Amino acid sequence: MTGTSSPALNSPAGSPEFEPVASVTDLSEGTIVQRVRPSGDAVCLVRYKGEISALSDICTHQHFSMSVGDLLEDGTLQCAWHGAQYDCRTGEVKQVPATAPLPVFQVRLDGDTILVGPRSERIGGKYEASTVRVP
Ligand code: FES
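Residues numbered from 1 in each chain as written. Predicted model: local features only at pLDDT ≥ 70, side-chain atom pairs only at ≥ 80, totals over all residues.

Thoughts on the sheet that holds strand 7 (residues 85-87)
Moving on, step 1. Taken in spatial order, the four strands line up as 5-6-7-8 in an open sheet, and their pairing is antiparallel. What marks the edges here is a single partner per strand, and that holds for strand 5 (70-71) and strand 8 (93-95).
Moving on, step 2. In this structure, strand 5 lies alongside strand 6 (residues 76-78), joined through two bridges in antiparallel fashion. The partner of Asp70 across the bridge, within strand 6, is Gln78. (Pairing = 2+ DSSP bridges. Helix = DSSP H or I, 4+ residues; strand = E, 2+ residues; numbered from the N terminus.)

Points about unusual backbone geometry
Negative phi is the rule for most residues except glycine; trans is the rule for most peptide bonds.
Moving on, step 1. Following Val96, the chain continues to Pro97 via a peptide bond in cis, the omega torsion being 20°.
Moving on, step 2. Residue placement: Pro97 occurs in the loop between strand 8 and strand 9 (104-110).
Moving on, step 3. Although it is not a glycine, Lys49 adopts a positive phi angle of roughly 55°.
Moving on, step 4. With respect to the element layout, Lys49 can be found in the loop between strand 3 (42-48) and strand 4 (51-56).

As for the nonpolar core
Moving on, step 1. Membership of the largest hydrophobic core comes to 29 residues, with the highest contact counts inside it found for Val43, Leu45, Val46, Leu55, Ile114 and Val116.
Moving on, step 2. Taken together, the elements giving at least two residues each to this core come down to strand 1 (19-23), strand 3, strand 4, strand 9 and strand 10 (113-119).
Moving on, step 3. Looking at this core element by element, the count peaks at five residues for strand 3. (Core = buried A, V, L, I, M, F, W, Y, C linked by C-beta atoms within 7 Å. Buried ≥ 20, exposed ≤ 12 C-beta atoms within 10 Å, placed from the backbone.)

Let's talk about the pairing of strand 10
Moving on, step 1. By the bridge criterion, four bridges tie strand 1 to strand 10 in an arrangement that is antiparallel. Pairing of Ala22 across the sheet is with Ile114, part of strand 10.
Moving on, step 2. With five bridges joining them, strand 9 and strand 10 adopt antiparallel strand pairing. Across the sheet, residue Phe105 finds its bridge partner in strand 10, namely Arg119.
Moving on, step 3. Connecting strand 9 to the next strand, strand 10, in antiparallel fashion are two residues, including Gly111 with a positive phi near 65°.

Points about the confidence of the model for the chain
In low-pLDDT regions, the fine details of the predicted coordinates are not to be read closely.
Moving on, step 1. When pLDDT is averaged along the chain, the result is 90; 88% of the residues meet or exceed 70.
Moving on, step 2. Across residues 1-15, confidence stays below pLDDT 50; counting only partners more than four residues off in sequence or on other chains, it has 20 contacts. (pLDDT = per-residue confidence, 0-100. Contact = placed C-beta atoms within 7 Å.)

Things to note about the environment of Val93
Moving on, step 1. Tracing the backbone shows Val93 in strand 8.
Moving on, step 2. Separated by 17 residues in sequence, Val93 and Thr76 place their C-alpha atoms 9.5 Å apart.
Moving on, step 3. Non-local contacts of Val93, meaning those with residues more than four positions away in its chain, are made with Ala84, Tyr86, Ala98, Thr99, Pro101 and Gly125.

Spelled out as structure tokens, the structure:
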């Protein structure tokens with residue numbers, strides 16, 4: 001899903017584009033996977049308890065790839081390098097050494113296609129959650 005002719009979709013409100021990044025079948029329950037948006041951001045897709053969320057794939061501590069980390073049983077996303085932990089829906093820091101939350105992107109489904117949109121609003125030490133339930 002790369003190239004200049006990607007089928008990016010405009011949101012009804014005219015806000016920044018939502019872009020297809022993966023199929024629901026690419027992401028089984030309890031797993032995480034990296035995808036790179038056509039516009040360039042690396043995202044970490046998470047499927048936890050039947051809901052999909054999309055966060056920045058770049059740890060806010062020292063920029064390691066979050067998608068090679070672990071998704072713990074309680075929905076905590078753990079970085080593989082120094083063990084920073086984040087909430088998989090809000091990006092809130094749950095364990096240092098990270099001190100800044102992990103950015104969250106808005107997410108939608110179009111059939112089986114996962115679409116990732118603009119960054120959610122940061123509210124204090126976390127981001128507004130954005131998830132879609134797997135049908
Ligand atoms: S780079 Fe993620 S905890 Fe250090």
